[in-house]
Amino acid sequence: MTRKKKSILIIYTGGTIGMAHDPFTGTLAPVNFNQIARQVPELQQFGCSLSALSFDPVIDSSNIDPSFWIRLANLIEKHYEKYDGFVVLHGTDTMAYSASALSFMLENLHKPVIFTGSQLPIGTLRTDGKENLITAVEIAAASHENEPMVPEVCIYFENTLLRGNRTRKHNAEHFNAFRSYNYPPLAEAGVHIRYHYGLIRYPIRHQPLRVYTQLDTRVGILKIFPGMSREWMHAVLSRSHLRALVMETYGTGNAPMDEWFVEPLKQAIERGMIVLNVTQCPAGSVEMDRYETGRKLKEAGVIGGKDSTPEAALTKLMFLLGQKLTNEEIKIYLNKSLRGEITD
Ligand code: ASP
């Protein structure tokens with residue numbers, strides 16, 4: 001029996017991987033996909049058929065907003081049946097946000113969506129982009145008993161495949177730019193690509209892909225810090241349009257116990273705002289019952305975000321608020337893992 005050639009769609013959105021120095025200003029700006037393909041002739045040697053689509057214009061990922069995620073989700077939906085897997089070339093700055101958002105927007109995903117990019121443009125001598133792109137394509141095409149090896153939204157970077165909604169950009173200098181502090185890698189690439197099957201989420205039943213494109217952006221992030229003033233709190237909480245707040249607290253979910261801090265928070269929650277507590281620490285989980293400084297928040301109605309990254313917490317809220325659920329329903333979903341984003 002001849003095995004069908006896998007077909008992979010590369011979606012190029014921009015980012016350093018496809019940038020070149022502007023001859024006048026010296027700054028890095030995105031170039032078109034043909035220039036990338038020319039730098040990676042190895043792409044022709046794959047045993048799979050590769051197609052590419054480019055965003056127009058291609059962008060530095062610092063310019064990304066939720067309308068970009070909607071376009072990306074729509075593109076994947078449009079081409080979902082035709083391809084076996086997707087590779088998204090994306091800037092590193094907001095890659096963790098985009099991968100998190102897409103993980104929520106694509107329900108019942110049973111094909112790989114692998115984000116990658118690079119720290120050095122693909123045209124430069126020491127680029128990390130080539131290896132990242134080639135291995136991302138290989139992972140997107142990998143299958144076992146004709147089922148995709150990794151049917152998840154992931155980030156592949158510097159030899160490691162991470163679950164997208166567990167990932168954070170942790171280094172602006174090293175090639176090893178991403179970490180998943182609270183969940184182990186799904187695969188590691190050395191001489192062989194070793195997949196950790198027990199850690200990968202496989203769909204229990206094949207249900208049709210469902211794409212959610214309603215996102216509510218009336219959310220914000222409040223990082224607490226020593227010296228924060230009551231005026232600061234007031235400025236954030238009095239924003240009447242705000243429906244939900246991710247609060248980045250200390251350690252296991254702790255914050256000051258002063259009345260000027262807790263009382264306005266409590267009132268905002270009583271008015272209907274959802275406040276989700278995640279830790280400022282790169283690793284670990286929120287446990288609001290551990291210290292009095294956490295328990296006060298719980299009593300005020302703050303929800304514990306477990307071991308969520310702030311990126312996953314923010315995009316999960318945008319997604320849930322977009323689904324026209326009641327606050328009670330949203331709180332239930334915040335405590336549950338929808339796409340493997342938290343340990344529940
Ligand atoms: N500023 C770039 C971007 O996020 C950085 C990168 O790609 O590494 O698009």
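Anyway, here's the lowdown on the structure attached to this text. (Residues numbered from 1 in each chain as written. Predicted model: local features only at pLDDT ≥ 70, side-chain atom pairs only at ≥ 80, totals over all residues. Heavy atoms only, no water.)

### Observations concerning the overall build of the protein chain
Applicable threshold: Starting at the N terminus, helices and strands are each numbered in turn, a helix being any DSSP run of H or I of at least four residues and a strand any DSSP run of E of at least two. Any pair of residues with heavy atoms lying within 4.5 Å of one another is described as a contacting pair. In this description, accessible areas are obtained by the Shrake-Rupley approach with a 1.4 Å probe, and a residue is regarded as covered only by the protein chains that are shown. Two residue types count as positive, namely Lys and Arg, and two as negative, namely Asp and Glu; His and chain ends fall outside the count. Charge positions are represented by NZ for Lys, CZ for Arg, CG for Asp and CD for Glu.
Counting secondary structure elements, the protein chain contains 9 helices and 20 strands. Oriented by its inertia axes, the alpha-carbon framework of the protein chain measures out at about 65 × 55 × 35 Å. Within the protein chain, contacts between residues separated by at least 24 positions form 74% of all contacts whose residues are at least 6 apart in sequence. As displayed, the protein chain offers around 16,200 Å² of accessible surface, 50% of which is attributable to carbon and sulfur atoms. Within the protein chain, the 36 negative side-chain charges are centred at a point lying 4 Å from the centre of the 37 positive side-chain charges.

### Details of the sheet that holds strand β20 (residues 303–304)
Formally: The pairing criterion for strands is at least two bridges between them, as found by DSSP.
In space, the 4 strands of this open sheet follow the order β17-β18-β19-β20, with parallel pairing throughout. One side of each edge strand has no neighbouring strand; the edge strands of this open sheet are β17 (219–223) and β20.

### Considering the site of the ligand
Rules: Proximity is defined per residue: any heavy atom of the residue falling within 4 Å of a molecule or strand makes that residue near it. Pairs of N or O atoms within 3.5 Å make up the polar contacts considered here, provided that, within protein, one atom can donate a hydrogen while the other can accept it, and that residues adjacent in sequence are counted only when both atoms are side-chain atoms. Residue type decides the class: Asp, Glu, Lys and Arg count as charged, Ala, Val, Leu, Ile, Met, Phe, Trp, Tyr, Cys and Pro as nonpolar, and the leftover types, Gly among them, as polar.
Lining the immediate environment of the ligand, one finds G15, T16, M19, D60, S61, G91, T92, D93, S118 and Q119. In this structure, an oxygen atom belonging to the ligand sits 2.9 Å away from a main-chain N or O atom of T16. Interatomic distance of 2.5 Å between a side-chain N/O atom of S61 and an oxygen atom of the ligand. When the free accessible area of the ligand is taken as 270 Å², the share hidden by the protein chains comes to 90%. Taken together, the residues of the shell around the ligand break down into 1 nonpolar, 7 polar and 2 charged.

### Quick word on the state of the cysteines
Keep this limit in mind: In this description, a disulfide is simply a cysteine sulfur pair whose atoms lie within 2.5 Å.
Across all of its chains, the model carries 0 disulfides by this definition. C154 supplies the cysteine sulfur nearest to C48, a cysteine that is in no disulfide, at a spacing of 17 Å.

### Let's talk about the nonpolar core
What counts, and what does not: We call a set of buried Ala, Val, Leu, Ile, Met, Phe, Trp, Tyr and Cys residues a nonpolar core when their side-chain atoms join them within 4.5 Å. The buried label goes to any residue with under 20% of its type's maximum accessible area, the exposed label to any with over 50%, and the partly exposed label to all in between, with areas taken from a 1.4 Å probe on protein chains only.
By size, the foremost hydrophobic cluster in this structure holds 85 residues, and its most contacted members are L102, L106, F115 and L133. With 7 residues, helix α8 (residues 310–321) is the single largest residue contributor to this core. The residues touching L106, leaving out its near neighbours within four places in the chain, are A73, I76, V113, V153, L209, R210, V211 and R339. One finds L222, L237, L242 and M247 within the second-largest nonpolar core, a separate group that totals 22 residues.

### Points about the pairing of strand β10 (residues 153–157)
Burial analysis of β10 places 5 of its 5 residues in the buried class, which makes it a mostly covered element. The alternating pattern of β10 places V153, I155 and F157 and C154 and Y156 on opposite faces, both of which are buried. Relative to β10, strand β7 (residues 113–116) runs parallel, the two being bridged by 3 bridges. Bridge pairing links F115 to I155 in β10. Looking at chain direction, β10 and strand β11 (residues 160–163) are connected through 4 bridges and run antiparallel. Of the residues in β11, the one forming a bridge with I155 is L162. Between β10 and β11, which follow one another and run antiparallel, lie 2 residues, and E158 among them has a positive phi close to 45°.

### Comments concerning the packing of aromatic side chains
In plain terms, the rule: For Phe, Tyr and Trp, where Trp contributes only its six-membered ring, two rings pair if their centres lie within 6.5 Å, and the inter-plane angle classes them as stacked under 30 degrees, edge-to-face over 60, or tilted in between. Either the NZ atom of lysine or the CZ atom of arginine qualifies as a charge over a ring when it sits within 6 Å of the ring centre and within 35 degrees of the ring normal.
This structure, assessed with the given rule, holds 9 aromatic pairs. Judged by centre distance (6.3 Å) and plane angle (5°), the rings of Y80 and F86 are stacked. For the residue pair Y80 and F86, the accessibility class agrees, reading buried in each case. Ring geometry for F104 versus F319: centroids 5.9 Å apart, planes at 20°, classification stacked. Of this pair, F104 sits in helix α3 (residues 95–105) while F319 sits in helix α8, placing them 215 residues apart in sequence. The pair formed by F104 and F319 is uniform in burial state, with each residue classed as buried. An aromatic cluster is present here, built from Y80, Y83 and F86 joined pairwise through their rings. We note K111 situated over the ring of Y80; from NZ or CZ to the ring centre the distance is 4.8 Å. Seen from the ring of Y183, R163 lies directly overhead, with NZ or CZ sitting 4.3 Å from the centre.

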